[in-house]
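Secondary and tertiary structure notes
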Amino acid sequence: MVDECAIGEADAAQYAALLSDDGFDSTLALSAMCDADWPAAVKKGHRRTIARQALRAVEAAAAAAAPAPKAAEGEAEGSEEEEDEPAAAPRSAMAAALMADDDDDDDEEEEEELAI
């Protein structure tokens, strides 16, 4: 919390103890918190910063777990064809939800193109 959220060490230590006592001990848990979940001792401005940084961390993990885009046909001429490997499993439920949401957008775009 100190580095990512720019919160003082004393506040960060207090918040970490309070949050972990309530089971909010991961970035996924922190990113899923609602207003009622926050201990009263956590300052309002710090709540927003912690929640924002936790969500960014979860999104970054989801992006890292997403498969790399494939090269267009013809770009990799002469190279050995690689077998498609299954996509890496998401590291968290939030990452899976974010990845599933991205997949839904692709399906809608394909349907729109087919309708035209």
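The structure presented is a predicted model; accordingly, all values stated were derived computationally and were not measured.

Another point: the overall build of the protein chain. Looking only at helices and strands, one finds five helices and zero strands in the protein chain. Each helix and strand of the protein chain, placed in order from N terminus to C terminus, yields the pattern α-α-α-α-α. Counting the 116 residues in the protein chain, one finds 20% classified as buried. Contacts spanning at least 24 positions in sequence make up 54% of the contacts within the protein chain whose residues lie at least 6 apart.

Let's shift gears to the pattern of salt bridges. Evaluation of the coordinates by the stated rule reveals one salt bridge. Here lysine 43 ties to aspartate 11 by a salt bridge, and the two come within 3.2 Å at their closest N and O atoms. Taken together, the residues span a long stretch of sequence, with lysine 43 in the loop between helix 3 (27-31) and helix 4 (44-65) and aspartate 11 in helix 2 (residues 9-21) at a distance of 32 residues. The exposure class assigned to lysine 43 is partly exposed, which follows from its relative accessible area of 45%.

Here the focus is the nonpolar core. Within the largest apolar cluster, 13 residues are counted, with the highest numbers of intra-cluster contacts made by Leu19, Leu30 and Ile50. Secondary structure elements with two or more residues in this core: helix 2, helix 3 and helix 4. If you tally residues by element for this core, the top one is helix 2, at three residues. Apart from the residues within four sequence positions on either side, leucine 30 is in contact with Leu19, Phe24, Ile50 and Ala54.

The grouping of Lys44, Arg48, Arg52 and Arg56 at the surface amounts to a positive patch. By relative accessible area, which is 52% here, arginine 48 ends up exposed.

Among the secondary structure elements, histidine 46 is positioned in helix 4. Given a relative accessible area of 18%, histidine 46 falls into the buried group. In contact with histidine 46, other than residues within four places in its own chain, are Ile7, Asp11 and Tyr15.

By the element assignment, leucine 55 lies in helix 4. Put simply, leucine 55 and leucine 30 are 25 residues apart on the chain and 7.8 Å apart in space, counted from C-alpha to C-alpha.

Rules and cut-offs
- Residues numbered from 1 in each chain as written.
- Predicted model: local features only at pLDDT ≥ 70, side-chain atom pairs only at ≥ 80, totals over all residues.
- Heavy atoms only, no water.
- Helix = DSSP H or I, 4+ residues; strand = E, 2+ residues; numbered from the N terminus.
- Buried < 20%, exposed > 50% of the residue type's maximum accessible area, 1.4 Å probe, protein only.
- Contact = heavy atoms within 4.5 Å.
- Salt bridge = Lys/Arg side-chain N within 4 Å of Asp/Glu carboxyl O.
- Core = buried A, V, L, I, M, F, W, Y, C linked by side-chain atoms within 4.5 Å.
- Patch = residues over 30% accessible without salt bridge, like charges linked within 9 Å, V, L, I, M, F, W, Y side chains within 5 Å.
- Areas by Shrake-Rupley, 256 points an atom, 1.4 Å probe, with all protein chains shown as cover.
- Lys, Arg positive; Asp, Glu negative; His and termini not counted.
- Charge placed at Lys NZ, Arg CZ, Asp CG, Glu CD.

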